[in-house]
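These are the residues of each chain, in order.
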Amino acid sequence: MATSDADERARFEQVDWDAVEPSGGGFGRRSALFLASLAVVLAAFWYDFAVASPDPLFYNVGLAEGLEAPFTWDVRGIDWLFSVSLLVFVFYVLYPMYENLDRTKAYFAELTNNRPATFALGYVTLFFFGGVFGPLLAGQPSPDIPATSRPPVSAATPLGRVDLFSLLVVGSLCALATWGLLDRLDRERELGSFGDVARVLLRVGLGFLATFTLVGTVFNVFSLSSFRTAAGIAAVVGVAWGLRWAVLSGRSFGFEQLRATALVLAAFGLVLVVGIELLQVVVYDLLQFDPIAGGASSTSCPAYAEAPGRGTTCYGTWDYPLGTARYGQGLIPLVFTGMRVSLQVALICSMLIVPLATFVGTVAGYVGGVVDDLLMSYTDIQQTVPAIIVYMITIHVYGRSLFVLVVVFGLFSWAGAARLVRSEVIQRREEDFVTAARSAGAGHWRIMGRHILPNVSNTVLTSVTRQIPNLILAEAAIAFLALNNIMLPSWGETISSQLKYIPDGWWMSTIPVIVLSVTVLSFSVLGDALRDVLDPRSDS
Amino acid sequence: MSDDREPVLSVRGLKKHYPVTKGILRREVGRVKAVDGIDFTLYEGETLGLVGESGCGKSTAATSLLRLEEPTDGEVIYHGEVPEDTNRKTPMEKLRAIRGEEEAREPNDIVGFSRSQLKRFRRKAQMIFQNPTGSFDPRMSVGESVAEPLLIHGLDDTAERREIAEDLLDRVGLDADDYDRYPHEFSGGQKQRVALARALVVNPEFVVADEPVSALDVSIQSEILSLMRDLQDRFGLSMLFISHDMGVIREICDRVAVMYLGEIVEVAPTEELFRNPQHPYTQALLASIPTPDPRQRGLGIELTGDVPSPDNPPSGCRFHTRCPKVIQPDDLDLPQEQFRRALDFRHQVEGGDVDADGAAELARARRSDAATGDITRDDRRRALRAEFDLPDELDDPTAEESVAAAVDSVLDDDLESAADRLSDTFSTVCEREKPALERTDEDHVAACHLVDGTETVETATSEVADD
Ligand code: SF4
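Residues numbered from 1 in each chain as written. Chains lettered and ligands numbered in written order. Predicted model: local features only at pLDDT ≥ 70, side-chain atom pairs only at ≥ 80, totals over all residues. Heavy atoms only, no water.

## Digging into the overall build of chain B
Reasoning step 1: Counting secondary structure elements, chain B contains 17 helices and 12 strands.
Reasoning step 2: Expressed as a percentage of the 467 residues in chain B, the buried residues total 53%.
Reasoning step 3: The contacts in chain B between residues at least 6 apart in sequence include a share of 67% that link residues at least 24 apart.
Reasoning step 4: Approximately 21,200 Å² of chain B is accessible, and the part contributed by carbon and sulfur atoms is 44%. (Helix = DSSP H or I, 4+ residues; strand = E, 2+ residues; numbered from the N terminus. Buried < 20%, exposed > 50% of the residue type's maximum accessible area, 1.4 Å probe, protein only. Contact = heavy atoms within 4.5 Å. Areas by Shrake-Rupley, 256 points an atom, 1.4 Å probe, with all protein chains shown as cover.)

## A word on the overall build of chain A
Reasoning step 1: Check the secondary structure of chain A and you find 19 helices and 4 strands.
Reasoning step 2: When the 540 residues of chain A are sorted by exposure, 45% land in the buried category.
Reasoning step 3: If you sum the accessible surface of chain A, you get close to 27,800 Å²; carbon and sulfur atoms cover 67% of it.

## Looking at the site of the ligand
Reasoning step 1: Near the ligand you find B:His279, B:Pro280, B:Cys317, B:Phe319, B:His320, B:Cys323, B:Lys325, B:Cys430, B:Pro435, B:Cys448, B:His449 and B:Leu450, and these make up its full shell.
Reasoning step 2: Looking at the shell around the ligand residue by residue, the class counts come to 8 nonpolar, 3 polar and 1 charged. (Near = heavy atom within 4 Å. Nonpolar A, V, L, I, M, F, W, Y, C, P; charged D, E, K, R; others polar.)

## Let's talk about the packing of helix 3 (residues 77–99) of chain A against helix 10 (residues 331–367) of chain A
Residue and element names in this part refer to chain A.
Reasoning step 1: At a closest axis distance of 9 Å, the pairing of helix 3 and helix 10 adopts a crossing angle of 65°. The two elements helix 3 and helix 10 meet at a crossing, and its hand is left-handed. Contact residues: Ile 78, Asp 79, Leu 81, Phe 82, Val 84, Ser 85, Leu 86, Val 88 and Phe 89 in helix 3; Arg 340, Leu 343, Gln 344, Leu 347, Ile 348 and Met 351 in helix 10.
Reasoning step 2: In terms of residue class, the contact of helix 3 with helix 10 is built from 11 nonpolar, 2 polar and 2 charged. (Axes fitted to C-alpha atoms, helices over the stretch in contact; angles between N-to-C directions. Left-handed = near helix turned anticlockwise from the far one by under 90°.)

## Notes on the interface of chain A and chain B
Reasoning step 1: In this assembly, 38 residues from chain A lie in contact with 42 residues from chain B.
Reasoning step 2: Our enumeration of links across chain A and chain B arrives at 1 salt bridge.
Reasoning step 3: At the boundary of chain A with chain B, the tally comes to 9 residue pairs in polar contact (both at pLDDT 80 or more).
Reasoning step 4: Broken down by secondary-structure element, the contributors of at least two residues to the side of chain A that touches chain B are helix 4 (101–112), helix 11 (369–383), helix 15 (432–439) and helix 16 (444–480) of chain A. (Salt bridge = Lys/Arg side-chain N within 4 Å of Asp/Glu carboxyl O. Polar contact = N/O pair within 3.5 Å; in protein donor to acceptor, adjacent residues only side chain to side chain.)

## Thoughts on the domain arrangement of chain A
Residues and elements named next belong to chain A.
Reasoning step 1: Domain boundaries assigned for chain A yield domain 1 (100–142 + 329–540) and domain 2 (152–291).
Reasoning step 2: A C-alpha centroid distance of 31 Å is found between domain 1 and domain 2.
Reasoning step 3: Roughly 1,200 Å² of surface becomes buried between domain 1 and domain 2 when both sides are summed, with 82% attributable to carbon and sulfur atoms.
Reasoning step 4: For the interface between domain 1 and domain 2, the tally reads 0 salt bridges.
Reasoning step 5: If you look at where domain 1 meets domain 2, you find 0 residue pairs in polar contact (both at pLDDT 80 or more).
Reasoning step 6: Elements represented by at least two residues in the side of domain 1 that touches domain 2 include exactly helix 5 (115–138) and helix 18 (506–534).
Reasoning step 7: Tallied by class, residues from the side of domain 1 that touches domain 2 come to 9 nonpolar, 1 polar and 1 charged. (Domains from an automatic or database assignment. Buried area = accessible area lost by both parts, 1.4 Å probe.)

## What to know about the packing of aromatic side chains
All names here are of chain A.
Reasoning step 1: Enumeration over the complete set of coordinates arrives at 21 aromatic pairs over all chains.
Reasoning step 2: Summarising the aromatic geometry, the rings of Phe 208 and Phe 212 are spaced 5.7 Å apart at their centres and angled 5° between planes, so their arrangement reads as stacked. Pair noted here: Phe 208 and Phe 212 are both in helix 7 (residues 190–221), with a separation of 4 residues, about one helical turn.
Reasoning step 3: Three or more aromatic residues joined by ring pairs make a cluster, and in this case those are Phe 89, Phe 128, Phe 129 and Phe 133.
Reasoning step 4: Stacked on the ring of Trp 245, the Lys or Arg Arg 203 has its end atom at 4.3 Å from the ring centre. (Phe/Tyr/Trp six-rings, centres within 6.5 Å; stacked < 30°, edge-to-face > 60°. Lys NZ or Arg CZ within 6 Å of the ring centre and 35° of its normal.)

## What about the UniProt feature "domain: ABC transmembrane type-1" (unreviewed entry) in chain A?
Reasoning step 1: Per the UniProt record, "domain: ABC transmembrane type-1" (unreviewed entry) is found at residues 339–527 of chain A.
Reasoning step 2: Secondary structure over residues 339–527 of chain A splits into 83% helix and 0% strand, and the C-alpha atoms at its two ends are 19 Å apart. (UniProt positions renumbered as here; feature names shortened; annotations may be inferred.)

## Re unusual backbone geometry
All names here are of chain B.
Reasoning step 1: With a phi close to 55°, Asn 203 is a non-glycine residue in the positive phi region.
Reasoning step 2: Note that Asn 203 resides in the loop between helix 6 (188–200) and strand 6 (206–210).
Reasoning step 3: Residue class for Asn 203 comes out partly exposed when judged on its relative accessible area of 28%.
Reasoning step 4: Although it is not a glycine, Asp 413 sits at a positive phi angle of roughly 65°.
Reasoning step 5: On the basis of relative accessibility, which here comes to 47%, the residue Asp 413 falls in the partly exposed class.

## Thoughts on the sheet that holds strand 1 (residues 7–22) of chain B
Residue and element names in this part refer to chain B.
Reasoning step 1: Spatial strand order, 2-1-4: 3 strands in an open sheet with antiparallel pairing. Because the sheet does not close on itself, it has two edges, and the strands there are strand 2 (27–43) and strand 4 (73–78). On average, adjacent strands in this sheet sit at an angle of 20° to one another, irrespective of strand direction.
Reasoning step 2: Two strands pair when backbone bridges link them, and strand 1 and strand 2 are joined in this way by 13 bridges, in the antiparallel orientation. When the bridges of strand 2 are listed, Ser 10 appears paired with Thr 41.
Reasoning step 3: The sheet strands contacting helix 1 (residues 58–65) are strand 1, strand 2 and strand 4, and the helix crosses strand 1 at an angle near 110°. (Pairing = 2+ DSSP bridges.)

## Thoughts on the confidence of the model for chain A
Residues and elements named next belong to chain A.
Reasoning step 1: Summing up the model confidence of chain A, the mean pLDDT is 81 and the portion of residues at 70 or higher is 84%.
Reasoning step 2: Low pLDDT, under 50, characterises residues 54–63; the stretch is placed with 26 contacts to residues that sit more than four places away or in other chains.
Reasoning step 3: Below pLDDT 50 for its whole length, residues 67–72 participates in 11 contacts with residues either more than four positions away or in separate chains. (pLDDT = per-residue confidence, 0-100.)

## Some words on the environment of B:Arg171
Residues and elements named next belong to chain B.
Reasoning step 1: Within the secondary structure, Arg 171 is located in helix 5 (residues 158–171).
Reasoning step 2: In this structure Arg 171 comes out as buried when scored by relative accessible area, which is 7%.
Reasoning step 3: Spatially, the C-alpha atoms of Arg 171 and Ala 197 are 8.2 Å apart, while their sequence positions differ by 26 residues.

## Observations concerning the packing of helix 14 (residues 397–411) of chain B against helix 15 (residues 415–425) of chain B
The packing of two helices is summarised by the inter-axis angle and the distance between the axes.
Residues and elements named next belong to chain B.
Reasoning step 1: At a minimum axis distance of 8 Å, the contact between helix 14 and helix 15 shows a crossing angle of 165°. On the basis of the axis angle, helix 14 is roughly antiparallel to helix 15. Remark: the crossing between helix 14 and helix 15 carries left-handed chirality. Across the interface between the two elements, Thr 398, Ala 399, Glu 401, Ser 402, Val 403, Ala 405, Ala 406, Ser 409 and Val 410 of helix 14 pack against Leu 415, Ser 417, Ala 418, Arg 421, Leu 422 and Thr 425 of helix 15.
Reasoning step 2: When grouped by side-chain class, the residues that make up the contact of helix 14 with helix 15 number 8 nonpolar, 5 polar and 2 charged. (Parallel < 35°, antiparallel > 145°, perpendicular 65-115°, else oblique.)

## Let's talk about a nonpolar patch on the surface
Reasoning step 1: Where nonpolar side chains cluster on the molecular surface, the patch consists of A:Val274, A:Leu278, A:Val281, A:Val282, A:Leu286 and A:Leu287 and spans about 560 Å² of accessible area.
Reasoning step 2: Examined against the element boundaries, A:Val274 turns out to sit in helix 9 (residues 255–286). (Patch = residues over 30% accessible without salt bridge, like charges linked within 9 Å, V, L, I, M, F, W, Y side chains within 5 Å.)

## Some points on the nonpolar core
All names here are of chain A.
Reasoning step 1: Membership of the largest hydrophobic core comes to 91 residues, with the highest contact counts inside it found for Phe 127, Tyr 391, Val 406, Phe 409, Trp 491 and Ile 511.
Reasoning step 2: For this core, the element with the highest residue contribution is helix 10, accounting for 17 residues.
Reasoning step 3: Phe 127 has contacts with Met 339, Ser 342, Leu 343, Ile 472, Trp 491, Thr 519 and Phe 523, leaving out every residue within four places of it along the chain. (Core = buried A, V, L, I, M, F, W, Y, C linked by side-chain atoms within 4.5 Å.)

## Here we look at the environment of B:Arg5
Reasoning step 1: Mapping B:Arg5 onto the fold places it in the segment before strand 1.
Reasoning step 2: The residues contacting B:Arg5, other than those within four sequence positions of it, are B:Tyr43, B:Glu44, B:Gly45 and B:Glu46.

Printed below as a string of structure tokens:
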């Protein structure tokens, strides 16, 4: 210990405390970056607001400068809020996760022990990227009169024709069933060996998706090249990443894996045949329902898409893989714009709920006494006012818009989280490390910021994740009640406007219903799993 | 020996009362007197032990003398350099100063320090806690925790902070690489080492250690204690060492102050206190240590009764409800044991803790093996006496008469006259008069009517008051 190099180290006895003057303390790097980015967004907002369109209706950015699409973008209030909330998300959720990589990895490992939670996390990640980049890739769902009511594209299988959408749904169900079956029958060897192959495939797929999203968005926005080039690049990247992992992971891929893959594929094929056969028997024959051809009169059907012997109905084409809605809006763009709307609801509401709940909960819990009583009585009162009523009143004044919706729901949904935070803070406040910090001379702000907040952040995160499904459902419900902005193609709006074409136009509403349900389910499952992983009461 | 040492801290009449409030307006309905006027002085380089049962207010004494809680009353004089005050007065404070509501305090009284003074003072006084797990923020690496006080006191250079903390971790017997590890990766003993490092990092003048080893295994206790002693010698620290464990106190303290129910009852150098305890409470505490040394045994004192609640402490000497040596009135001549029992009986009767039904139950329980026949009044009488270890016939006729009458009244459910009867006979000077602290030896003071001191001292810190 007392080596020469130890002597050169700074030691506490050598600190000349008279020379040390406490400074105010600056911003951390994260806050500085965040503030800089925020400043850029605010400057752009000011430009939009004051220069591009002095009137409060935000007008197309760029039009005034004589620019053409895609450099014109009608940025609305909600988009500005969305960019700010994205910044917050990146700097205050993703960045800390990256900073504490070890802890994040530990949580991730614990989360992935839970299979449903793993799937939910995967879907939520897709949802996030789909919401951010999807509308840029897929374009806006604009009406296309020659292609009204086109059903999803269909494919001929040895078992008869099946449309793409049903094939996807049946295929995923069959994959799940195969997995469950094999898991039950032979979980040790076959699935274990196949797992390695599946991991490689997963990386190929993820690499493809991520690259395609980014490259495709860039190509699309700047009209550089076609999606095909993007897909080619993405495929190369995906395969390269998958192979790289296969080589680096040090796993051997040999006969064992080959056999397992063959077995799994064979089982999947078998189950799929049964699944499609079931679909044919139950839906086509028993229910007398033909989902392949559009029953709703299509105004014009491309010649090659006509259904022979099926009258005026027609098959779907690859122009619209998942079909079109009543006025020819493609369902893929509809799904992605809906995803954007839901993501906006989720992120912006969280951005409002988290600081409010944290602030109120922390102040009430930390200060206590009369302040606590007052704040908690107020939360009680606010909890009795349903946000939807406030929304109904507000739209009479400000008109219907997503902006009003997220603001109202964000401002009226934090009470539950605040209560949780408060009880957590009350517990933490009494702990010795808070007293230790005080005896070291820390002020109240420092204690709240450095000791209390990091320790309640898990509580906030969990409770907000569990709140998100409710918010997304509330948006859909409002669309269903026809209280929304009908120009905004959210999932709820699509569902409620296309529901009347059931059963002939079944795909128009079924597809958004399924995506909406999967989204809500994933957030609920993820929220529950997060609570189990992050709950401070279970880890002590 | 204390004459040639400079005092670091003098506590005078320190009180901490917690108001008990009721209703939404928080009306005060009572007070818990956790610390009720204690005095002691901590000298440079010494370790002063503060010992007492749990709940006697020793931890509260520590937190309120450091002003982690605002003391209700009293002074804590800091003899070091008074930190400079850079606070501007708030309008409220100015107003109070003008109206003269602010009581005048000495400039070196910690209780009167302003916020900025207090922050500077915190650098000179550090604290170590009992629970090694709770005293570290689970979200901070131990290195960050150790370095945090440096940051708080304005050392802005991250690299320097890290170096200091690593060096210190090294010196408390851990590894510099432990800087980045998190508290849950350490054992209790290791965490207390980290706690020591955190306390030392700002080079304090004194450290308050609140039961620092109570949560540890006995084998690890002595390791930590010897580390503490080493560090104390090396850096000339003064230490206030709080513990309920007489064995630990003996190992590390130079002087000991014994606390009972918010008051200090005896102060003496450790050797002197263990050799010649004056206060019956100290004697009882010493008797309860398991010790291999036969000379230490045989004090034969055991405490009876519950620790009274500090929201309504007993009058006179606070120990009189449990004191085995409680003084008998002149007209009684009972064996000490019996007098103690009789007093216990009296307190229970006064508190309404016994009644006729209870006596019947006791009688039934005693006879459960031969459960024939009715329970006679005599049975109940005997059961009641047996419950309080009172023999069927007390040695003193006056006492016997009174107890017999009281037992009868209890069986008639007339607690009031029973209580009257008992309090007439079994009264004690210990209940009526508060004993003063008396000096029995140069450094030895105790507060008990039995102690015949050479002089009565105002406070346990009179050594300081003299000069
Ligand atoms: S004053 Fe009386 S009751 Fe108190 S300790 Fe002394 S003998 Fe016991």
